[in-house]
Amino acid sequence: MKRILTVALVALLSACSSQIQMPDLSDVLPGQALDRTMYLRGDFNLWDAETQYEFTQVAPALYQAQVKFSTPGKVYEFKIADMEWSAGYNCGFSEQDPTGQSLTLGQSVKADCNTTYNYFSFTPAIKGSYIVSIDYHNNDQPKVTITKK
């Protein structure tokens, strides 16, 4: 009996002393945050860069902006862009996935941040506040998602 208790105690103590290894996330997360402010710009605000529609960082490489859509059934068009509509910071739907032009709640679509005219569109079923997210975990193909707040 003593032998069983001794073996169990040794096993327990060795399990408690083992080190937990954290995975290396340097190849998953981007090396730096965005170097400029991005805005949600669309027909709901005359395509202006307004502080009300400024994206804020909510997690590594994840940015969000809130927008209120007041007309159910209306097709709203928008892009995600910096103040100057700069190349690399002018994000619309990707030609590689043209089905991403029309956003569906909760479904991510690829964005092209070097496009001039590829506006995203969204038709809300009900009025209210929505969250538009852009995920830069893959800088070459950021993803855009819209969710109901």
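Preceding this paragraph is the structure being described.
Residues numbered from 1 in each chain as written. Predicted model: local features only at pLDDT ≥ 70, side-chain atom pairs only at ≥ 80, totals over all residues. Heavy atoms only, no water.

A.B. asks: Describe the state of the cysteines, naming the residues involved and giving the relevant values.
C.D. replies: Throughout the structure, instances matching the rule amount to one disulfide. At a sulfur-sulfur separation of 2.0 Å, the disulfide partner of Cys91 is Cys113. Looking along the S-S bond of the Cys91-Cys113 disulfide, the torsion reads about 105°, which is the right-handed sense. Of the two residues, Cys91 is situated in strand 5 (residues 90-93) and Cys113 in the loop between strand 6 (109-112) and strand 7 (120-122); the sequence distance between them amounts to 22 residues. Residue Cys91 is classed as buried on the basis of its relative accessible area of 0%. (Disulfide = S-S within 2.5 Å. Helix = DSSP H or I, 4+ residues; strand = E, 2+ residues; numbered from the N terminus. Buried < 20%, exposed > 50% of the residue type's maximum accessible area, 1.4 Å probe, protein only.)

A.B. asks: Just give me the short version of the environment of Ile131, but keep the residues and values in it.
C.D. replies: Examined against the element boundaries, Ile131 turns out to sit in strand 8 (residues 128-135). In this structure Ile131 comes out as buried when scored by relative accessible area, which is 14%. Distance in space between the C-alpha atoms of Ile131 and Gln64 is 6.5 Å, their sequence separation being 67 residues. Beyond its immediate sequence surroundings of up to four residues, Ile131 is in contact with Gln64, Ala65, Gln66, Thr145, Ile146, Thr147 and Lys149. (Contact = heavy atoms within 4.5 Å.)

A.B. asks: Break down the side chain of Ser121 for me, citing the residues and quoting the values.
C.D. replies: Tracing the sequence through the fold places Ser121 in strand 7. Ser121 sits in the buried class, given a relative accessible area of 10%. When residues no more than four places from it in sequence are discounted, the contact partners of Ser121 are Val75, Tyr76, Glu77, Gln101, Ser102 and Leu103.

A.B. asks: I'd like a description of unusual backbone geometry, backed by residues and values.
C.D. replies: Notably, Trp47 is not glycine yet its phi reads approximately 65°, a positive angle. Within the fold, Trp47 resides in the loop between strand 1 (39-42) and strand 2 (56-59). A positive phi angle, close to 70°, is found at Ala61, a residue other than glycine. Ala61 gets classed as buried once you look at its relative accessible area, which sits at 5%.

A.B. asks: I'd love a proper account of the packing of aromatic side chains, names of residues and values included.
C.D. replies: If you walk through the whole model with that rule in mind, you get nine aromatic pairs. Considering the side-chain rings of Trp47 and Tyr119, the 4.8 Å spacing of their centres and the 45° angle between planes classify their relative orientation as tilted. Placement of Trp47 in the loop between strand 1 and strand 2 and of Tyr119 in the loop between strand 6 and strand 7 is noted, with a sequence separation of 72 residues between them. Overall, the relative accessible area of 27% leaves Tyr119 in the partly exposed class. An angle of 80° between the planes, with centres 6.0 Å apart, marks the rings of Tyr63 and Tyr136 as edge-to-face. With Tyr63 in strand 3 (residues 62-69) and Tyr136 in the loop between strand 8 and strand 9 (143-148), this pair connects stretches of sequence that are 73 residues apart. Owing to a relative accessible area of 8%, Tyr63 belongs among the buried residues under this scheme. The buried category is assigned to Tyr136, whose relative accessible area is 6%. Every member of this aromatic cluster is reached through a ring pair, and the members are Phe44, Tyr53, Phe69, Tyr76, Phe122 and Tyr130. (Phe/Tyr/Trp six-rings, centres within 6.5 Å; stacked < 30°, edge-to-face > 60°.)

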